[in-house]
Amino acid sequence: MAGGVYNMVTSVSLVAVMMITCTSALSPPPRQVAKPDLTTSEAGNPFVDGWYADPDTEIYNGLYWVYPTASYEYGEQTYLDAFSSPDLINWTKHPNVLTRADVSWVRGALWAPAPISRNGKYYLYFGANDLQVDDPANGILGGIGVAVADKPGGPYVDAIGKPLIGNFHNGAQPIDQDVFIDDVDGQAYIYYGGWSHANVAKLNEDMISLGTFDDGQTFKEITPENYVEGSQIFKRNGKYYFMWSEGGWTGPDYSVSYAIADSPLGPFERIAKILQQNSAVAKGSGHNSVVHVPDTDIWYIFYHRRPLSETVGNHRVLAYDRLYFNDDGTIASVKMLVKDNFADGNMVGWRTYDGDWSVANKLLTAKSSAGGKAVLDTNFTDLIFDATVTITQATWTTGDAGLVFRATNLGSGMDAYSGYYAGISPSGRIVLGKADSGSWAVLKEVAFTVALNKQYSVRVSAIASEIRVFVDDLNSAKIIVSDSTFTSGADGVRVFQTSASFGNVSVAES
């Protein structure tokens, strides 16, 4: 009988092993995380459409995830969306991953989500109700909440039925949290704070309750110099980097500074400001997060900013740029670059005037019109402007297509702008001219053979009054003129009685 039992157990074990093996064979392999090596969002900033702010990031199941605030008036900030990408280029929107209706105690806005995963669950920490000092004594709930889900895209549900942090401690308003798990000992921490005070607290293993430090405290103040809000923590080469926002969130002076410490508890002594407005690119740049590409030393800073032409405080958009480190571990100043290779299939951030514009095959295309323009919200003075230009059809033999720069007073109409234009024409010429609210003057033309359906590299260098135009040979200018009529303005592309496509747009300060 013993042998029979043994054979039975062995048979059952073999069946179980076979079932597990078959199940494993049927399960798809885990998605490998792509390792994009980019200088900025090369498919254009903003990298998604819509008014969003306060992005925080995570990598889940081979995808890069971004969780932002829906940037509208306070009463309209009632939901949180998320975005995922396999490559930091193509983004999928996941709407309403958490809404006010999912959290019984939220009566006002919810914002600034912070994602993290542990033990097979996904957690989303958020600020809600804009808690004021006297609110808790008056029975008003608010502060930092936590929601949980089985998937990164939700739906998330309230985890504890009340705020995780619902009072002021050390003067810190409970908002703008970041959550971090230290790889040394697995301890989780929550960093947070508004009203120019920052705290850190321990999170227990369940991620929905607070622990205590060895001295019995729950909250420790870690406020660095000039701290306002927007806590962010990450670790590199054994050092703890604490980042925060300075200035007013509705103003142009919003910015990001940082400190480095040997411990997750600090002390965090301010080193420098690394991200701030650029009057040629965007203003109000702040409330950041950081993405580390796994198994590399490639880092990106994700943040929100306000387009130059926008004056409404909540009109904020999402952007990212490369984060570089100096040899001593300090962070280099972030350069907000302007590029668009249209690899994401859209033209977010562009404004069109006349004509029919679309994106296909990584190119911005325009049908023939009498001066249609697509323009970025920039304001460069001295610049180097590069793009590829391909004329696909000429309605008029004297038509052309090219680059607009230092442009203001933009509107609809053939020459409805004040600024410069450098174009190529299938009539066999390169032209540099200037428009001024309806009038047009040629500054210089040179002969140059332009074939239909052939791509040309066009560059404009404008430094002070000297303007140089290059076509294909980027070491030898085809046109050099001096003109000081226009000193700064927006940059874009234009067609005149031709159909054309444009690619690899880059505008940089010279």
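Remember, predicted model here, so these are calculated numbers, not experimental data. Note on numbering: residues in each chain are counted from 1, in written sequence order. Restriction of local features to residues with pLDDT of at least 70 applies here, the model being predicted, together with a cutoff of 80 or more for giving and counting side-chain atom pairs; totals for whole chains, interfaces and linings are based on all residues. Only hydrogens and water are set aside when side-chain values are computed; all heavy atoms of the structure are taken into account.

## Observations regarding the sheet that holds strand S4 (residues 92-99)
Note the threshold: For two strands to be treated as a pair, DSSP must find no fewer than two bridges joining them. Per the convention used, a helix needs a DSSP run of H or I reaching at least four residues, while a strand needs a run of E reaching at least two, with both numbered from the N terminus. Helix axes are fitted only over the stretch in contact, all axes being lines through C-alpha atoms; the angle between N-to-C directions runs from 0 to 180 degrees.
With antiparallel pairing, four strands are arranged side by side in an open sheet as S1-S2-S3-S4. The open sheet terminates on both sides in strands that have one partner only, identified here as strand S1 (52-60) and S4. Geometrically, the sheet is characterised by an average inter-axis angle of 25° between neighbouring strands, direction not taken into account. Two elements, strand S3 (residues 79-85) and S4, share five bridges in a ladder whose sense is antiparallel.

## Re the packing of aromatic side chains
Worth spelling out the cut-off: Pairing of aromatic rings covers Phe, Tyr and Trp, the last through its six-membered ring, and needs centres within 6.5 Å; plane angles under 30 degrees mean stacked, over 60 mean edge-to-face, and all others mean tilted. A positively charged side chain is recorded as over a ring if its NZ (Lys) or CZ (Arg) lies within 6 Å of the ring centre. The angle to the ring normal must also be within 35 degrees.
Scanning all chains against the criterion turns up 31 aromatic pairs. Grouped by ring-pair contacts, the aromatic residues Tyr-189, Tyr-191, Tyr-227, Phe-242, Trp-244 and Phe-268 constitute a single cluster. A cation over a ring is seen here: Arg-236 above Phe-325, with NZ or CZ 4.0 Å from the ring centre. The ring of Tyr-421 carries Arg-494 above its face, with NZ or CZ at 4.7 Å from the centroid.

## Re the pairing of S3
Definition in use: For the exposure calls, accessible area comes from a 1.4 Å probe over protein chains only, and a residue counts as buried if that area is under 20% of its type's maximum, exposed if over 50%, partly exposed in between.
Most of S3 sits out of view: six of its seven residues are buried. As judged from the three bridges shared by strand S2 (residues 63-70) and S3, these two strands associate in the antiparallel manner. Each bridged residue has a counterpart across the sheet, and for Tyr-64 the counterpart in S3 is Ser-85.

## Examining the pattern of salt bridges
Quick note on the threshold: Salt bridges are counted wherever a side-chain nitrogen of Lys or Arg sits within 4 Å of a carboxyl oxygen of Asp or Glu.
A complete count under the given rule lists 18 salt bridges for this structure. Notably, a salt bridge pairs Asp-183 with Lys-235, separated by 2.8 Å at the nearest N-O pair. Of this pair, Asp-183 sits in the loop between strand S9 (178-181) and strand S10 (188-192) while Lys-235 sits in strand S13 (residues 229-236), and the two are 52 residues apart along the sequence. Notably, a salt bridge pairs Glu-246 with Arg-270, separated by 2.8 Å at the nearest N-O pair. Residue Glu-246 is located in strand S14 (residues 239-246), and its partner Arg-270 is located in strand S16 (residues 270-275); the two are separated by 24 residues in the primary sequence. Residue classification places Glu-246 among the buried residues on the basis of a relative accessible area of 6%.

## With respect to the sheet that holds strand S29 (residues 439-447)
Strand order in the open sheet made by the seven strands is S21-S24-S33-S26-S27-S28-S29, with antiparallel pairing throughout. Among the strands making up the open sheet, the edge pair consists of strand S21 (350-353) and S29. Averaged over all pairs of adjacent strands, the angle between strand axes in this sheet comes to 20°, irrespective of strand direction.

## Here's the deal with the environment of Glu-58
Worth spelling out the cut-off: Contact definition: two residues touch when any of their heavy atoms are within 4.5 Å.
Among the secondary structure elements, Glu-58 is positioned in strand S1. Between the alpha carbons of Glu-58 and Val-290 there is a distance of 8.9 Å; along the sequence they are 232 residues apart. In this structure Glu-58 touches Leu-63, Tyr-64, Trp-65, Pro-115 and Ile-116, once residues within four positions along its chain are discounted.

## Digging into the pairing of S29
Relative to S29, strand S28 (residues 429-436) is paired through eight bridges, and the arrangement is antiparallel. Looking at the pairing, Ile-430 lines up with Val-446 of S29. Hairpin connection, S28 to S29: the antiparallel pair is bridged by two residues, and Ser-437 has positive phi, about 50°.

No statement about biological role is implied by the geometric values presented.
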